Amino acid sequence: MLRRAVEDNSTGSDSDYTNSVWISWFLSSKGNEYFCEVEEDYILDRFNLTGLNTEVQHYSQALDLITDNLDDDIQDEIRSTLDVQARLLYGLIHARWIVTARGLAKMLEKYKRADFGRCPRVLCQSQPLLPVGLTDVPYEKSVKLYCGRCEDIYSPKSSRHGSIDGAYFGTSFPHLLFLVYPNLIPPKSGPVDFPALRAGGEAEGSRRSRRARDEQEPPSDIVGEGFNTTSVALKAERYRPRIFGFQVNEIAKLQRWQEAVRDKQVARLDLLDEHGLM
Amino acid sequence: MRRLQQQEPEVAQGEIEEEEVVSGVAEGDEVMEDADDGREYSSSTPTSTLTWISWFCALPGHEYFCEVSEDFIEDDFNLTGLNAMVPFWKEAMEMVLDVEPDEDAPKIPDVSIVEASAELLYGLVHQRYILTRAGLQAMIDKYDGGSFGSCPRVYCNGCNIVPCGRSDLPGLDTVKLYCPNCNDIYTPPSSRFQGVDGAFFGTTFPHLFFQSYREIAPAPFYRPPSGSSSSMSGRSSGSPQHSQEGRHTAFVNPNPHGGQKPAAGGVYQPKIYGFKVSERAKCGPRMQWMRLRPWSPEELDEVDSRGRWIDDDEEYEDEQEEEGEDKQMGEFDNVGIL
């Protein structure tokens, strides 16, 4: 039924400036909230699709379906599998697109709106999350969510997100995002800095207020020089298990050990920083 | 005043869920005998089939509560101090225990006030009850049934979690969930738990629970299976002499008071295009320590009670404390892309 609708509209939208009807339909479907729109120019550049023809069956028809160029007289048996293949193809293109400059910018907008949900860890204070895959190969692992504050990964709350293939986001995306936008690396303590998050790279004033982020780097590939993150871990809050107010021995011991490991890392990074090696 | 809400439609659906809990309470049989007095009153109304407690525990959002036995509530010693915290104490007690109020007692104009008091009373008694042997037993039955859900953290491998309060005083924060594997607390996945006070579970319960049932508590050390250490990088290089210990034989934690279950010790390693992100990068990993475990229990003793390394390890004996650390996580320095 949906395919019908896509075809009906496809002739009209070929010359259209906006993206394809199939993509709009795909993005608005329930459960696909994590995906962003891949620009049609990117899809139409065959260079960006190198190698995908071996991953996707009926590759050219799937590509035609995504770009609304599918012939009406396509065989019915192919058509029935085409929808699955088109989703796979879109997902794999999506994984490549979101690590481009424009793709990162689009995902950043979604991050600022917390489209990917918020960290379930209480002490992360509802830090917005980013999607991440555990492998770049499709059909292996479902998508996970990365928290930039505790630097850990979580399973999506909802099962309709829990069944999305992680390869459609890839293993690199969140880390590349913070590499390109170091000013958006979340602070380890305090509430989520919403004004700065919303304003993103544009509003200088709100960024000035960010803790230890005084420099106003443009949101470019240049890693900012004005702040360092060597000792941010010391500010991270931890939960301390207690029985009637007393710490639990074995857990307290483990936490002391973990904090000693942290202190070592901080000392090591500070030393590197002193020698200008960071 | 009899509780008419018990006849509300939720009961039907709640009853099914609650049945297993009721039957799961091991000491339930003894309890029922004592509770008969309260029940007799209720049964004088033919429509009333559920006790207030069963009804309350079956409400949506109350899935984490276990049923407190009525004889526990009836023992005044267990309620010491609570009457100062709960308004309309007597009426609330009557409601919770399904007791017919005195005919000549002054009527409370608004039932919802007493309901709120009854909930507070039950919650605070619940906080105390789940620390008793019977309460812990009731909670482990729920735990084994997965009633509290599992840890959202990927590398905890779906470890079951327990409800937890951040305060023992009511009205401060809602219920959270404690994971014994990562020793951290999480917000419940469903918003229906946002109306449940954390004090009704208390700060002590999760930890007393895992002290009491050590076989389900993960141990504080973890040795990655050989050959796949890449995903748990960032940990210390470990002492080679301990490497023979581990999980080849039956798992034993030498600390008899500690967790006896093998831990899920994986730590997330961020990668860009397959390369580990170096800690030297501004966006490099800074928080892996929080999830790290030593390979062996002895390594825990390398840190003293003030959190300092006891510097007897030959690995850095020649170097100053701060400069010697490069070796510990050397893995990062070589592999990073930045």
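All of these numbers come straight from a predicted model, not from anything done at the bench.

Parameters and conventions
- Here, residues in each chain are numbered from 1, in the same order as that chain's written sequence.
- Whichever chain is written first is A, and whichever ligand is written first is 1; the rest continue in order.
- Reporting of local features is limited, given that this is a predicted model, to residues whose pLDDT is at least 70; pairs of side-chain atoms are given and counted only at 80 or more, and all residues count toward the totals for whole chains, interfaces and linings.
- Just so you know, side-chain values use all the structure's heavy atoms and leave hydrogens and water out.
- Salt bridges are defined as contacts in which a side-chain nitrogen from Lys or Arg sits within 4 Å of a carboxyl oxygen from Asp or Glu.
- Here a strand is any run of E in DSSP of at least two residues, a helix any run of H or I of at least four, and the numbering for each starts at the N terminus.
- Partly exposed residues are those whose accessible area sits between 20% and 50% of the maximum for their type, while under 20% is buried and over 50% is exposed, using a 1.4 Å probe and protein chains only.
- Interaxial angle, 0 to 180 degrees, is taken between N-to-C directions of lines fitted to C-alpha atoms, where a helix line uses only the stretch in contact.
- What sets the label is the angle itself: under 35 degrees gives roughly parallel, over 145 gives roughly antiparallel, 65 to 115 gives roughly perpendicular, and the rest give oblique.
- When checking whether two residues touch, look at their non-hydrogen atoms; a contact exists if any pair is within 4.5 Å.
- All residues other than Ala, Val, Leu, Ile, Met, Phe, Trp, Tyr, Cys, Pro, Asp, Glu, Lys and Arg, Gly among them, are scored as polar; the first ten of these are nonpolar and the last four charged.
- By this definition, two strands are paired if DSSP reports at least two bridges between them.
- The definition used for a disulfide is geometric: two cysteine sulfur atoms within 2.5 Å.
- Aromatic contacts are taken between Phe, Tyr and Trp rings whose centres are within 6.5 Å, Trp giving its six-membered ring; a plane angle under 30 degrees counts as stacked, one over 60 as edge-to-face, and the others as tilted.
- Charge-over-ring contacts are defined here by two conditions on Lys NZ or Arg CZ: a distance within 6 Å of the ring centre and an angle within 35 degrees of the ring normal.

Caption draft 1: Representation of the pattern of salt bridges. This model, assessed by the stated rule, comprises 21 salt bridges over all chains. The shortest N-O distance in the salt bridge between Arg 121 of chain A and Asp 184 of chain B comes to 2.5 Å. Taken together, the residues Arg 121 of chain A in the loop between helix 6 (101–112) and strand 1 (129–132) and Asp 184 of chain B in strand 3 (residues 184–186) connect one chain to another. Residues Glu 63 of chain B and Arg 192 of chain B are paired through a salt bridge, measuring 3.1 Å at the closest nitrogen-oxygen approach. Separated by 129 residues along the polypeptide, Glu 63 of chain B in the loop between helix 3 (52–57) and helix 4 (70–74) and Arg 192 of chain B in the loop between strand 3 and helix 8 (205–212) bring together distant segments of the chain. The exposure class assigned to Glu 63 of chain B is buried, which follows from its relative accessible area of 17%. What emerges from the salt-bridge pattern is a single network uniting Arg 121 and Asp 152 of chain A together with Arg 153, Asp 184 and Arg 291 of chain B.

Caption draft 2: Layout of the packing of helix 2 (residues 21–28) of chain A against helix 5 (residues 76–97) of chain A. All names here are of chain A. The contact between helix 2 and helix 5 brings their axes to 12 Å, and the two run at 85 degrees. One way to sum up the angle between helix 2 and helix 5 is to call them roughly perpendicular. Here Trp 22, Ile 23, Trp 25, Phe 26 and Leu 27 of helix 2 come into contact with helix 5, specifically with Asp 83, Ala 86, Arg 87 and Tyr 90. In terms of residue class, the contact of helix 2 with helix 5 is made up of 7 nonpolar, no polar and 2 charged.

Caption draft 3: Representation of the sheet that holds strand 2 (residues 176–179) of chain B in the model. All names here are of chain B. Strand order in the open sheet formed by 3 strands is 1-2-3, and the pairing between neighbours is antiparallel. Edge positions in the sheet fall to strand 1 (162–164) and strand 3, since each of these pairs with one other strand and no more. With strand direction ignored, the average angle separating the axes of adjacent strands in the sheet is 45 degrees. For strand 1 and strand 2, the ladder comprises 3 bridges, and the chain directions are antiparallel. Within strand 2, the position partnered with Cys 164 by the bridge is Lys 176. Its contacts with the sheet put helix 8 on strand 1 and strand 2, and the angle it makes with strand 1 is roughly 145 degrees.

Caption draft 4: Spotlight on the state of the cysteines. Residues and elements named next belong to chain B. Within this structure, the stated rule accounts for 0 disulfides over all chains. Counting only cysteine sulfurs, Cys 182 is the nearest neighbor of Cys 179, a cysteine outside any disulfide, at a range of 3.6 Å. The structure places no disulfide on Cys 182, whose sulfur is separated from the nearest cysteine sulfur, that of Cys 156, by 3.6 Å.

Caption draft 5: Region of the structure containing the packing of aromatic side chains. Per the stated rule, a full pass over the model turns up 35 aromatic pairs over all chains. On the basis of an interplanar angle of 45 degrees and a centroid distance of 6.1 Å, the ring pair of Phe 65 of chain B and Phe 200 of chain B is categorised as tilted. With Phe 65 of chain B in the loop between helix 3 and helix 4 and Phe 200 of chain B in the loop between strand 3 and helix 8, the pair connects residues that are 135 residues apart, well separated along the chain. On the basis of relative accessibility, which here comes to 1%, the residue Phe 65 of chain B falls in the buried class. We classify Phe 200 of chain B as buried; its relative accessible area is 4%. Where Phe 205 of chain B meets Phe 209 of chain B, the ring centres are 5.4 Å apart and the plane angle is 50 degrees; that geometry is what we call tilted. Here Phe 209 of chain B and Phe 205 of chain B lie together in helix 8, a separation of 4 residues that amounts to about one turn. Pairwise contacts between aromatic rings join Trp 52, Trp 55, Phe 56, Tyr 64, Phe 65, Tyr 122, Phe 148, Phe 193, Phe 200 and Phe 201 of chain B into one cluster. In this structure, Arg 262 of chain A is placed above the aromatic ring of Trp 289 of chain B, and the distance from its NZ or CZ to the ring centre is 5.0 Å. In this structure, Lys 264 of chain A packs its charged tip against the face of Trp 309 of chain B, placed 3.9 Å from the ring centre.

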